[in-house]
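# Per-entry structural report
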Amino acid sequence: AQSVTQLDSHVSVSEGTPVLLRCNYSSSYSPSLFWYVQHPNKGLQLLLKYTSAATLVKGINGFEAEFKKSETSFHLTKPSAHMSDAAEYFCVVSSYNNNDMRFGAGTRLTVKP
Amino acid sequence: DAGVTQSPTHLIKTRGQQVTLRCSPKSGHDTVSWYQQALGQGPQFIFQYYEEEERQRGNFPDRFSGHQFPNYSSELNVNALLLGDSALYLCASSPPVTSGELFFGEGSRLTVL
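Values in this document were obtained by computation on a predicted structure and should not be read as measured data. Here the residue numbers are simple positions, counted from 1 along each chain's written sequence. All chains are assigned letters beginning at A, and all ligands numbers beginning at 1, according to the order in which they are written. Thresholds applied to this predicted model are a pLDDT of at least 70 for local features of residues and 80 or more for the giving and counting of side-chain atom pairs; totals over whole chains, interfaces and linings are not thresholded and use all residues. As a rule here, side-chain values cover all heavy atoms of the structure and leave hydrogens and water aside.

### Considering the overall build of chain B
Helix and strand assignments come from DSSP, with helices taken as H or I runs of at least 4 residues and strands as E runs of at least 2, each series counted from the N terminus. For chain B, the helix and strand inventory stands at 0 helices and 11 strands. For chain B, the succession of helices and strands along the chain, N to C, is β-β-β-β-β-β-β-β-β-β-β. The globule rule used for comparison is 2.2 Å times the number of residues to the exponent 0.38, while the radius of gyration itself is calculated over C-alpha atoms. Taking 13 Å as the expected radius of gyration for a compact globule of 113 residues, we find that chain B reaches 13 Å, a close match to that expectation. Along the first, second and third principal axes, the C-alpha set of chain B runs to 40 × 25 × 25 Å. We call a residue buried when its accessible area falls under 20% of the maximum for its residue type, exposed when it is over 50%, and partly exposed in between, using a 1.4 Å probe and counting protein chains only. Expressed as a percentage of the 113 residues in chain B, the buried residues total 48%. The long-range fraction of contacts in chain B, counting pairs at least 24 apart against all pairs at least 6 apart in sequence, stands at 52%. In this description, accessible areas are obtained by the Shrake-Rupley approach with a 1.4 Å probe, and a residue is regarded as covered only by the protein chains that are shown. Here chain B has roughly 5400 Å² of accessible surface; of this, 49% comes from carbon and sulfur atoms. The charge count treats Lys and Arg as positive and Asp and Glu as negative. His and the chain ends do not count. All charge positions are set by atom: Lys at NZ, Arg at CZ, Asp at CG, Glu at CD. Counting 8 positive and 11 negative side-chain charges, chain B places the averaged centre of each group 11 Å from the other. Two residues qualify as a contact provided that any one of their heavy atoms is within 4.5 Å of a heavy atom in the partner residue.

Right, here's the structure in full:
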């Protein structure tokens, strides 16, 4: 069975500074990995996805993530945080047939002015 | 193009009652998945429907059941409600050919008193 662990429940950064949200995964298969964002009272939105192509994945709003098989990690980064980035972020691993997506517990990102 | 729509947005029930939540998938999507998101946690996979049948199920009791209609819309039914069923219930749809991305509705928030 597959699972993800988000290493930080809460991350706080200042506007304009880098963002790092950490995720480790466990999977019996070559995984597909995703990052989703959830703004208050909104549905989840896909930021980016890794599906065994390039290990460095670029997403929307300047976010990137790097798949590191040796470290079983898929950390999310952004060079410069914006106030609008404040939200809950979820790392997700899917089964080989994408029928069962497993979410991490989430990381709440706070951006200070 | 309407995205995934869910109804009702909020509802309050008492223990022992039954509830039905509804979901209309994004146009062109034929697969619907349901997730339960308790406060402060990541979404937990309940089940997935495809071609009007339950294709995969997470670790939820039989009190949770569902249905998919010929127009691909779906219902989630929960019987004998418990206080612990209080959560945000998320519906997600995906197209016939998918790389795993899910398109989420904004959810139905259920409170059980």
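### Here's the deal with the packing of aromatic side chains
Note on ring pairs: Phe, Tyr and Trp rings are taken, using the six-membered ring of Trp, and paired if centres are within 6.5 Å. Classes follow the plane angle, with under 30 degrees stacked, over 60 edge-to-face and the rest tilted. Tallied over the entire structure, the rule returns 14 aromatic pairs over all chains. Considering the side-chain rings of Phe47 of chain B and Tyr49 of chain B, the 5.3 Å spacing of their centres and the 90 degrees angle between planes classify their relative orientation as edge-to-face. An aromatic cluster is present here, built from Phe34, Tyr36, Phe90 and Phe103 of chain A together with Tyr35, Phe45 and Phe104 of chain B joined pairwise through their rings. Remark: a charge is flagged as sitting over a ring if the NZ atom of Lys or the CZ atom of Arg is within 6 Å of the ring centre and within 35 degrees of the ring normal. Sitting over the ring of Tyr50 of chain B, Arg55 of chain B keeps its end group 4.4 Å from the ring centre.

### A short note on the pattern of salt bridges
All names here are of chain A. Whenever Lys or Arg places a side-chain nitrogen within 4 Å of a carboxyl oxygen from Asp or Glu, that contact is recorded as a salt bridge. Counting across every chain of the model gives 7 salt bridges over all chains. When the shortest N-O distance is used, the salt bridge between Arg108 and Glu88 registers 3.1 Å. In this pair, Arg108 sits in strand β12 (residues 107-112) while Glu88 sits in strand β10 (residues 87-94), placing the two residues 20 residues apart along the sequence. The exposure class assigned to Arg108 is partly exposed, which follows from its relative accessible area of 45%.

### Comments concerning the interface of chain A and chain B
Interfaces are often described in size by the accessible area the parts lose on coming together. Taken together, the contacts link 19 residues of chain A with 20 residues of chain B. We define buried area as the total accessible area lost by two parts upon association, computed with a 1.4 Å probe and summed across both. Carbon and sulfur atoms supply 49% of the area buried between chain A and chain B, which totals about 1600 Å² over both sides. On the surface where chain A and chain B come into contact, there are 0 salt bridges. Among the elements of the structure, β5 (32-38), β6 (44-50) and β11 (101-103) of chain A are those that each provide at least two residues to the side of chain A that touches chain B.

### Examining the sheet that holds strand β3 (residues 19-24) of chain B
Residue and element names in this part refer to chain B. Strands qualify as paired when DSSP identifies two bridges or more between them. Within the open sheet, the 4 strands sit side by side as β1-β3-β8-β7. Their pairing is antiparallel. Each end of this open sheet is capped by a strand with a single partner; those strands are β1 (5-7) and β7 (64-68). Averaged over all adjacent pairs, the angle separating strand axes in this sheet is 20 degrees, with direction ignored. Bridge count between β3 and strand β8 (residues 74-78): 5 bridges; the pairing is antiparallel. For Val19, the partnering residue across the bridge sits in β8 and is Val78. Whenever a helix is involved, its axis is fitted only over the stretch in contact; in every case the axis is a line through C-alpha atoms, and angles between N-to-C directions fall within 0 to 180 degrees.

### Describing the environment of Leu46 of chain A
Note on placement: Leu46 of chain A falls in strand β6. Residues Leu46 of chain A and Phe90 of chain A lie 44 residues apart in sequence; the distance between their C-alpha atoms is 9.6 Å. What Leu46 of chain A contacts, discounting residues up to four positions off in sequence, is Phe34, Trp35, Tyr36 and Ile60 of chain A together with Glu101 of chain B.

### Things to note about the side chain of Gln38 of chain A
Tracing the chain through its elements places Gln38 of chain A in strand β5. For Gln38 of chain A, the residues in contact, after removing those within four places along its chain, are Gly43, Leu44, Ala87, Glu88 and Phe90 of chain A together with Gln37 and Leu88 of chain B.

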